[in-house]
Amino acid sequence: MGWRGFRKEHWFAPFFVRLRETHRALWERYGQWESLKEFETIADIWLEMLADRGIEVTPQVDGTMYVNIPFRADTNSYQAMIWGLQQATKGLRGWYPPTNTGRGDPKES
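In what follows, the accompanying structure is described. None of these values were measured; they are calculated from a predicted model. (Residues numbered from 1 in each chain as written. Predicted model: local features only at pLDDT ≥ 70, side-chain atom pairs only at ≥ 80, totals over all residues. Heavy atoms only, no water.)

## Structural notes on the environment of Y66
Selection rule: Under the DSSP-based scheme used, a helix requires at least four consecutive residues in state H or I and a strand at least two consecutive residues in state E, with every element numbered from the N terminus. Relative accessibility under 20% of the residue-type maximum defines a buried residue, over 50% an exposed one, and the middle range a partly exposed one, all with a 1.4 Å probe and only protein chains included. Note on contacts: a residue pair qualifies if any of its non-hydrogen atoms lie within 4.5 Å across the two residues.
Counting through the fold element by element, Y66 comes out in strand β2 (residues 65–68). Of the residues examined, Y66 reaches a relative accessible area of 46% and is grouped as partly exposed. Taking the C-alpha atoms as reference points, Y66 and E56, ten residues apart in sequence, are found 8.0 Å from one another. Ignoring any residue separated from it by four or fewer positions in sequence, one finds Y66 in contact with E56, V57, T58 and Q60.

Structure, rendered in structure tokens:
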């Protein structure tokens, strides 16, 4: 265990260390900042962290951000299951689920 129970092997650990160092450096210059550009390092670290987690953030010319969260089976188990079922059942278009509900004689359904 590291910082108050924070595991050093956790995926966030390297980002945490860099963010902490960046914040400390900015704090040392408190009141002497020349522009908001000095804070861009924080944003750069967050963008790297998001990319590491599979989230694509692209700055746009108009100052907005485009966020893309691509489907990855390893990040969404429900979607992975649905995708897997779709892949497994391709070509079974003539198959229909049974209509028997378990009540009565199956020949009557």
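Further notes follow.
## Quick word on helix α2 (residues 40–52)
Which entries qualify depends on this criterion: Under the convention used throughout, the expected extent of a helix is 1.5 Å for every residue step, that is, one less than its residue count. To be clear, the arc concerns the directions from the helix axis to the C-beta atoms.
Taking 1.5 Å of rise per residue, 13 residues should cover 18 Å, and α2 covers 18 Å from first to last C-alpha, within 8% of that figure. Residues of α2 that are buried include every one of I42, I45 and M49, and no others. Each buried residue of α2 lies within a common arc of 65° when the element is viewed along its axis, so the set occupies one face. The inward-facing, buried residues of α2 abut α1 (13–28). Backbone geometry just after α2 places G54 at a positive phi near 95°.

## Here's the deal with the nonpolar core
Where we set the bar: Nine residue types can take part in a nonpolar core, namely buried Ala, Val, Leu, Ile, Met, Phe, Trp, Tyr and Cys, and a core is a set of them joined through side-chain atoms within 4.5 Å.
Among the nonpolar cores identified, the biggest contains seven residues, and these are F12, F15, L19, L26, I42, I45 and M49. Of all the secondary-structure elements, those providing two or more residues to this core are α1 and α2.

## Description of the packing of α1 against α2
Rules: Axis definition: a line fitted to C-alpha atoms, over the contacting stretch in the case of helices. Angles run 0 to 180 degrees between N-to-C directions. For classification purposes, an angle smaller than 35 degrees is called roughly parallel, one larger than 145 roughly antiparallel, one from 65 to 115 roughly perpendicular, and anything else oblique. Only Asp, Glu, Lys and Arg are considered charged, only Ala, Val, Leu, Ile, Met, Phe, Trp, Tyr, Cys and Pro nonpolar, and every remaining residue, Gly among them, polar.
Packing of α1 against α2 leaves a shortest axis separation of 10 Å and a crossing angle of 175°. As far as their axial angle goes, α2 and α1 are roughly antiparallel. Residues F15, R18, L19, T22, H23 and L26 of α1 form the contact with α2, whose participating residues are T41, I42, I45, W46, E48, M49 and D52. Along the lines of polarity and charge, the residues of the contact of α1 with α2 split into seven nonpolar, three polar and three charged.

## Observations concerning the packing of aromatic side chains
Between two aromatic rings, the relevant description is the distance of the centres plus the angle of the planes. The line we're drawing: Side-chain rings of Phe, Tyr and Trp, where Trp is taken by its six-membered ring, are said to pair if the distance between their centres is within 6.5 Å; with planes under 30 degrees apart they count as stacked, over 60 as edge-to-face, and otherwise as tilted.
Inspection of every chain in the model, using the stated rule, returns seven aromatic pairs. On the numbers, 5.4 Å between centres and 90° between planes, the contact of Y30 with W33 is edge-to-face. By relative accessible area, W33 is classed as partly exposed at 32%. Here the aromatic rings of W33 and F39 are separated by 4.9 Å at their centres, their planes lie at 75°, and the arrangement is edge-to-face. One aromatic cluster in this structure is built from W11, F12, F15, F16 and W46.

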